[in-house]
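In case you want the letters, here they are:
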Amino acid sequence: MGIADQFKDKAQELADQAKQKAGQGKEEAKDQAGRAKDRASQARDQKSDSSPGMKDRAQDAADQVRERFDR
């Protein structure tokens, strides 16, 4: 095997490693994006869960204010 063949083999090996690492980086980015979407979804769920209670409290406060001023 000549020196040129050794360089070609090494270059191919390095190219394969680079492709593999690039693929891993894409997978990690997808995982992070998926986790971000999950957190956003959870935040929306928590907001929608707490909204009715907050609306009820606001309505109760408004009713109390009306009762005080109607007297």
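Rules and cut-offs
- Residues numbered from 1 in each chain as written.
- Predicted model: local features only at pLDDT ≥ 70, side-chain atom pairs only at ≥ 80, totals over all residues.
- Heavy atoms only, no water.
- Helix = DSSP H or I, 4+ residues; strand = E, 2+ residues; numbered from the N terminus.
- Buried < 20%, exposed > 50% of the residue type's maximum accessible area, 1.4 Å probe, protein only.
- Areas by Shrake-Rupley, 256 points an atom, 1.4 Å probe, with all protein chains shown as cover.
- Salt bridge = Lys/Arg side-chain N within 4 Å of Asp/Glu carboxyl O.

**Examining the overall build of the protein**
Link 1 in the chain: In terms of helices and strands, the protein carries one helix and zero strands.
Link 2 in the chain: Counting the 71 residues in the protein, one finds 0% classified as buried.
Link 3 in the chain: For the protein, the accessible area works out to roughly 6,700 Å², and carbon and sulfur atoms hold 51% of it.

**Regarding the pattern of salt bridges**
Link 1 in the chain: Taken as a whole, this structure holds two salt bridges when the rule is applied.
Link 2 in the chain: In this structure, the salt-bridge partner of Lys10 is Glu13, at a minimum N-O distance of 3.8 Å. Taken as a pair, Lys10 and Glu13 lie in helix α1 (residues 3–70) at a separation of three residues, close to a single helical turn.
Link 3 in the chain: Since its relative accessible area comes to 43%, Lys10 is described here as partly exposed.
Link 4 in the chain: Salt-bridge contacts for Asp63 lead to Arg66; the nearest nitrogen and oxygen are separated by 2.9 Å. Residue Asp63 and its partner Arg66 are located together in helix α1, separated by three residues, close to a single helical turn.

Everything listed is a geometric property; what it means functionally is a separate question.
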